[in-house]
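Here is how the chains run, residue by residue.
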Amino acid sequence: MLACDPWPFNVNFFYIPERIRQRLLDIGVDTTNNSNEHDDVLPEIPHDISEELAKVSVELKLRLHQSGEMLIPYQPLSNQKADCFRIVLAGYKPFDDSDVEKVLDLMERYGKDL
């Protein structure tokens, strides 16, 4: 789920484990829908779920770094209580869907039990 509106070369997002996805869905927050009727309004994440997402971000970052598969930072945003992951797309290599899929697959593999 996007943590804020994307801007060129920066993508901020949350990795949301299945157990938290279901809790968000139960309260009406659809993490599978990337279209936003109100472009300037992002879903409000309840405090208890934000605390869990913050723990997930820390643990997932640690697992990814220790594995050597991916070095990815997380970033605080003023409109969110939990830190989100941040990817900066820069350099000479053209990025495509396979790059995004690789990042998401790694995050799912190392974070599915969180």
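Our structure is the block above this text.
This section reports on the structure supplied with the text.

Here is what the cut-offs are and how they apply
Sequence positions are assigned chain by chain, starting from 1 and proceeding in written order. For this predicted model, a pLDDT threshold of at least 70 governs which residues receive local features, and a threshold of 80 or more governs which side-chain atom pairs are given and counted, while totals over whole chains, interfaces and linings are taken from all residues. Side-chain metrics rest on all non-hydrogen atoms present in the structure, leaving aside hydrogens and water. Note on definitions: angles span 0 to 180 degrees between N-to-C directions of axes, and those axes are lines fitted to C-alpha atoms, for helices only across the stretch in contact. By the criteria applied, helices consist of DSSP H or I runs no shorter than four residues and strands consist of E runs no shorter than two, each listed in order from the N terminus. Our angle categories are set so that under 35 degrees counts as roughly parallel, over 145 as roughly antiparallel, 65 to 115 as roughly perpendicular, and the remainder as oblique. Working rule for handedness: look at the near helix, and if it is turned counterclockwise from the far one by less than a right angle, call the crossing left-handed; if clockwise, right-handed. Working rule for contacts: check all heavy atoms of both residues, and any pair within 4.5 Å makes them a contact. Each residue is assigned to one class: nonpolar for Ala, Val, Leu, Ile, Met, Phe, Trp, Tyr, Cys and Pro, charged for Asp, Glu, Lys and Arg, and polar for all the others, Gly among them. Whether two strands pair depends on DSSP finding at least two bridges between them. In this analysis, the expected span of each helix is defined as 1.5 Å times one less than the number of residues it contains. Three exposure classes are used, based on accessible area relative to the maximum for each residue type with a 1.4 Å probe and protein chains only: buried under 20%, partly exposed in between, and exposed over 50%. The directions considered for the arc are those from the helix axis to the C-beta atoms.

1. Considerations on the packing of helix H1 (residues 18-26) against helix H2 (residues 47-67)
Then step 1. The interhelical angle for the contact between H1 and H2, taken along N-to-C directions, is 160°, at an axis separation of 11 Å. Classified by the interaxial angle, the pair formed by H1 and H2 is roughly antiparallel. The interaxial crossing formed by H1 with H2 has left-handed handedness. Between H1 and H2, the contacting residues are Arg19, Ile20, Arg23 and Leu24 on the first element and Asp48, Ile49, Glu52, Leu53 and Val56 on the second.
Then step 2. Grouping the amino acids of the contact of H1 with H2 by side-chain chemistry returns five nonpolar, no polar and four charged.

2. Details of the sheet that holds strand E1 (residues 10-13)
Then step 1. An order of E1-E3-E2 is seen for the three strands of this open sheet, with the pairing classed as antiparallel. The two strands at the open ends of the sheet, each matched to only one other strand, are E1 and strand E2 (74-75).
Then step 2. Of the strand pairs in this sheet, E2 and strand E3 (residues 84-88) are connected by two bridges, and their pairing is antiparallel. Across the sheet, Tyr74 pairs through a bridge with Phe85, a residue of E3.

3. A short note on helix H3 (residues 97-111)
The α-helix advances 3.6 residues per turn, and as a result positions three or four apart in sequence lie on the same side.
Then step 1. With 15 residues, H3 ought to run about 21 Å at 1.5 Å a step, and its terminal C-alpha atoms sit 21 Å apart, in line with that.
Then step 2. When we look at burial in H3, the residues that qualify are Val103, Leu106, Met107 and Gly111. Considered in projection along H3, the buried side chains sweep an arc of 110° and stay on one side of the axis. Turned more than 90 degrees from where H3 packs its buried face, Asp97, Lys102 and Asp105 sit exposed.
Then step 3. Of the surrounding secondary structure, the elements contacted by the buried residues of H3 are E1, H2 and E3.

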